Structure formats: structure tokens, C-alpha cells
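Geometric and topological summary
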Amino acid sequence: MEATLARRRAVLELKGRRTGDLSLADTESLGPWFFKLIGGVIAVGGLALLALSLILAAG
């Protein structure tokens, strides 16, 4: 896992140097907790929409 993250950061850093956009290498600003939070919100919203569609389909 760590090797994959290090490789990804190296690729982003190289791409950022080539394009001049150094913000591409800034992967520390959003940690894994952020994506877990967003995933949780999307999962709860999806389940709520599923429940709503089942209620409307039955009614």
C-alpha cells in the first residue's frame, strides 16, 4: 500500500513539473478520512433513495 502511494505521488509530482502545475503533487491536503466520509455520505444517500423508490413503487 505504501509503495503504491509513493509511486502515485512520484508520478503526480513528475506530471506537475512537466505541466507547471505543482498543485498536482499536493495529495496531503485531503487524507483518507475525507474520502471515507464522502463515501459514507453517498452510501447513506443511496440507501435513502432506494428506500424512497421502493415506497413510491409500492404505493
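Our subject is the structure listed above.
Because the structure is a prediction, the values reported are computed rather than measured. (Residues numbered from 1 in each chain as written. Predicted model: local features only at pLDDT ≥ 70, side-chain atom pairs only at ≥ 80, totals over all residues. Heavy atoms only, no water.)

**A word on the overall build of the chain**
Helix and strand counts for the chain stand at two helices and zero strands. A total of about 5,200 Å² of accessible surface is found on the chain, and carbon and sulfur atoms cover 70% of it. (Helix = DSSP H or I, 4+ residues; strand = E, 2+ residues; numbered from the N terminus. Areas by Shrake-Rupley, 256 points an atom, 1.4 Å probe, with all protein chains shown as cover.)

**What about helix H2 (residues 32–58)?**
The end-to-end C-alpha separation of H2 is 39 Å, in line with the 39 Å expected for 27 residues at 1.5 Å each. Within H2, only zero of the 27 residues are buried, which leaves it mostly out in the open. (Expected span 1.5 Å × (residues − 1). Buried < 20%, exposed > 50% of the residue type's maximum accessible area, 1.4 Å probe, protein only.)

**Side note on a nonpolar patch on the surface**
Nonpolar side chains collect at one region of the surface, where Trp33, Leu37 and Val41 lie side by side and expose about 350 Å² of accessible area between them. When you line up the elements, Trp33 lands in helix H2. (Patch = residues over 30% accessible without salt bridge, like charges linked within 9 Å, V, L, I, M, F, W, Y side chains within 5 Å. Salt bridge = Lys/Arg side-chain N within 4 Å of Asp/Glu carboxyl O.)

**A few points about the packing of aromatic side chains**
All told, the structure shown has two aromatic pairs when counted by the stated rule. Measuring from centroid to centroid gives 6.0 Å for Trp33 and Phe34, while their planes differ by 85°, and the two rings are edge-to-face. For Phe34, a relative accessible area of 26% gives the class partly exposed. Put simply, the rings of Trp33, Phe34 and Phe35 pair up and form one aromatic cluster. (Phe/Tyr/Trp six-rings, centres within 6.5 Å; stacked < 30°, edge-to-face > 60°.)

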